[in-house]
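Observations on the model geometry
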Amino acid sequence: MKPIYLLIYLLFISFSLQANDGYKLWLQYYPLTSGNELYQTFLGNVKTGDQSPTFDIIQEEIKLAYNGFYKESYPKANVMSLDQPQLIIALPGQSEMILRNVSKVDLEKLGPEGYLIKKITADGAEKILISGNSEIALLYGTFRLLQAAQKNQPLPNEGMVSVPTIERRILNHWDNLNRTVERGYAGFSIWNWHRLPRHIDQQYLDYARANASIGINGTVITNVNANALVLTADYLKKTAALADAFRPYGIKIYLTARFSSPMEIGGLPTADPLDPEVQQWWKDKTKEIYEHIPDFGGFLVKADSEGQPGPHNYKRTQAEGANILADAVKPFGGIVMWRAFVYSEETPDDRHKQAYNEFKPIDGEFRDNVIVQVKNGAIDFQPREPFHPLFGAMPKTPLMMEFQITQEYLGHDTHLAYLAPMYEEVLQSDTHVQGPGSTVSKVIDGSLHQYSMTAMAGVANIGTDRNWTGHHFHQANWFAYGRLAWNPNTPSADMAEEWLQLTFTTEEEFVQPVKKMMLQSHEMVVNYMTPLGLHHIMARSHHYGPGPWVTGGERADWTATYYHKATEKGVGFDRTPSGSNALEQYAPAIQETWGNLETIPEKYLLWFHHLPWDYGLKDGNSLWDGIALHYQKGVEEAWQNILTWEEMKPFVDPERHAHVLSFMKIQSEEAIWWRDACLLYFGQFSQKPLPEGVGKPAHDLEHYMKLNPKFVPGI
Ligand code: BDP
């Protein structure tokens, strides 16, 4: 395009951009420019299967999208029983056209939730068929078609088929009943318990719809640090009202179960899992739950961790604890997600090793409706962690992945970090347990050990903020999580591109640079927070901002000094045989690669090795210089993002543009805060000057140590 035309065009779109608060997420359905009417006649002439709540949703969605894409200049969408429909969305039994054109075998391959989108020519016209084996599958297929329409992406001749690899694709809300959200940075909990069950807020439906649009099919609506109250009759009615609202969108509700509930709300003297009265209590309670919520998904349990009660209180194993709940939900088809995040300050071993030590020996002792929920890494959602050694180590017990979408350790809501590359790095890590190619992704999709159950959990970043997630770009993390739960091998670049196109515009001049920025953003945060394998050096408790000096206090394993071990001699956690030997929990091939300084990827260096400050990195820099240069790089990238984003002004509505820009400025300032605080702190030990090119801190170390923001959200 000639520059003058480009300018006119850009002026045109910037005038036509309306204020947008981001509430509509990736379901913007913004007007398509002329020439992009690929799907117009199809979306305008639709016939769906028999009436039902889910078909109503499908019809409404198509009308909404059609009227958004084609605006007023086109006839309104016609979504009803037409004689000559061009888009048919139905179960096989509901449509002759589908019966004739889709084979039984193809349908069988779809399972309960997969869908197919097929192009045919019939009665002299082109038609699109969407089919599957459940109404929810059709809803997924509809969303997929609408996404293609928004992107103006032609349907391939062979059509599209998509089947989820993971059965349970779940959000975990760490929401408290008083509406605070543990580690939540986007306002309060969207569950208004006080108004439930009588008031069903529109936001609940919008939430369910957004989740359905990316294939999420379950939600745990309460915090893992659980309140037993949610299992009382009053709260079960409230939960049932939410479950009713979510059902037509294919979303099941799960609840967190506090292990001591039999005592707290049941009046029993014990919660010992081997006590028959306790077992009966769980059975009765579960029956009551299913009376309210017939399709209740089951329980998520955090036990024996960070003060939560659990089987340890009675000298029982995690399996004995999980199994009584599993027995209770079994007759109703429910499951138990039992978290592996078990560790204690009283165990005198590296925290990294504790979950493995606890769970590995009881592999095979869990009931068949228990799945063990394992965080991506062995410590705690750090900006970067090597994969958890339990993946691959429990062939007889299904394991599920727990990712954190909310950014507890990654700058909370103001720091732009697109997390899909981090998820991808973990999922594509090779555990080597059955030779090369035994990726984490194959563990959790069940194919490596033939698990009978598969699931993925993402700790939600959603709150009452108008745009749901605080930072507009953090909607992308919710979106990518959903896509990855559907198919853990989805490339992060594809998801970034798709999210940008659906959320903002398909203009390449916008999509390409912003995609690049997103793809680099996680590494950028690692650079200015915890480069080269450093970890857990955030401020105490709220984890916001740098705190490498954090030491002492109630628990050593919640301090920074426990993890970085900096002295004049060096820095890093020795997890090789000369140290804690956490490495031995990995397959021999990994032990060899990561145990050897020649072969360990430098991104994990200080996670596994304690090294002198003048240790030579691969690029020839000393360790000290390398650390400093990484911090500097992160700072520069955060600044560069501001410049990139400023150039994007013509493509983005002013409201979202300004919001993102103002957060980016915070991020850029805080990257400097991280760099200066950490380098001053570590510099005391290294006693070396900053290498050339690294900015000088504006203050002394004491200044940074005294910064202590109050009332940081999320605790
Ligand atoms: C840590 C959080 C804490 C959670 C805990 C968990 O600091 O708030 O309760 O994980 O996952 O990341 O149980």
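Note that the coordinates shown come from a computational prediction; the quantities given were computed from them, not determined experimentally. All residue numbers refer to position in the chain's written sequence, counted from 1. Thresholds applied to this predicted model are a pLDDT of at least 70 for local features of residues and 80 or more for the giving and counting of side-chain atom pairs; totals over whole chains, interfaces and linings are not thresholded and use all residues. Side-chain figures throughout are based on the complete set of non-hydrogen atoms in the structure, without hydrogens or water.

Considering the site of the ligand
The criterion, for reference: Each residue is tested against the molecule or strand, and it is near if at least one of its non-hydrogen atoms lies within 4 Å. Here a polar contact is taken to be a pair of N or O atoms separated by no more than 3.5 Å, where protein atoms must pair a possible hydrogen donor with a possible acceptor and residues adjacent in sequence count only if both atoms sit in side chains. Working definition of accessibility: Shrake-Rupley area with a 1.4 Å probe, residue cover restricted to the visible protein chains. Think of it as three bins: nonpolar holds Ala, Val, Leu, Ile, Met, Phe, Trp, Tyr, Cys and Pro, charged holds Asp, Glu, Lys and Arg, and polar takes everything else, Gly as well.
If you check the shell around the ligand, you find 13 residues, and the closest are Glu-182, Lys-302, Arg-339, Asp-380 and Glu-408. In the environment of the ligand, an oxygen atom lies 2.9 Å from a nitrogen or oxygen atom belonging to the side chain of Arg-183. Between Lys-302 and the ligand, the recorded distance is 2.6 Å, taken from a side-chain N or O atom to an oxygen atom. Alone, the ligand offers 320 Å² of accessible surface; in the complex the protein occludes 97% of this. Its residues assigned to classes, the shell around the ligand comprises 3 nonpolar, 2 polar and 8 charged.

A few points about the pairing of strand β11 (residues 335–339)
Working note: regular strand, side chains alternate between the two faces of the sheet. Quick note on the threshold: We call a residue buried when its accessible area falls under 20% of the maximum for its residue type, exposed when it is over 50%, and partly exposed in between, using a 1.4 Å probe and counting protein chains only. By the criteria applied, helices consist of DSSP H or I runs no shorter than four residues and strands consist of E runs no shorter than two, each listed in order from the N terminus. Being paired, for any two strands, means DSSP has found at least two bridges between them. Here the term right-handed applies to a crossover when the path leading from its first strand over the helix to its second strand runs clockwise, the strands being oriented away from the viewer.
Most of β11 sits inside the fold, with 5 of its 5 residues counted as buried. Residue alternation in β11 divides its side chains into two sets, Ile-335, Met-337 and Arg-339 and Val-336 and Trp-338, and both sets are buried. Across 4 bridges, the pairing between strand β10 (residues 298–301) and β11 is parallel. The partner of Val-301 across the bridge, within β11, is Trp-338. In this region the chain leaves β10, passes through helix α11 (residues 318–329) and returns to the parallel neighbour β11; the handedness of that crossover is right-handed.

Quick look at the environment of Ile-128
Put simply, the rule is: Two residues form a contact once any of their heavy atoms are found within 4.5 Å.
Counting through the fold element by element, Ile-128 comes out in strand β5 (residues 125–132). The class of Ile-128 is buried, set by a relative accessible area of 1%. Remark: the alpha-carbon pair of Ile-128 and Leu-87, spanning 41 residues in sequence, is separated by 4.8 Å. When sequence neighbours within four positions are dropped, the list of residues in contact with Ile-128 reads Tyr-39, Phe-42, Gln-86, Leu-87, Ile-88, Ile-117, Lys-118, Lys-119, Leu-145 and Leu-155.

Examining the environment of Ala-460
If you trace the backbone, Ala-460 turns up in the loop between β14 (455–459) and α15 (475–486). Separated by 290 residues in the primary sequence, Ala-460 and Ile-170 have C-alpha atoms spaced 9.5 Å apart. Look past the residues within four positions of Ala-460 in its chain and what remains in contact with it is Leu-171, Asn-172, His-173, Ile-405 and Thr-406.

Here we look at the packing of aromatic side chains
Under the convention used in this document: The rule is short: rings of Phe, Tyr and Trp, with Trp giving its six-membered ring, pair when the centres are within 6.5 Å, and they are stacked under 30 degrees, edge-to-face over 60, tilted in between.
Applying the stated criterion across every chain, the model contains 47 aromatic pairs. Taking 5.1 Å as the distance between ring centres and 90 degrees as the angle between the ring planes, the aromatic pair formed by Phe-387 and Tyr-586 counts as edge-to-face. Note that Phe-387 is positioned in the loop between β12 (370–375) and β13 (399–404) and Tyr-586 in the loop between α18 (561–564) and α19 (588–595), a separation of 199 residues in sequence. For the pair Phe-387 and Tyr-586, a shared accessibility class is recorded, and that class is buried.

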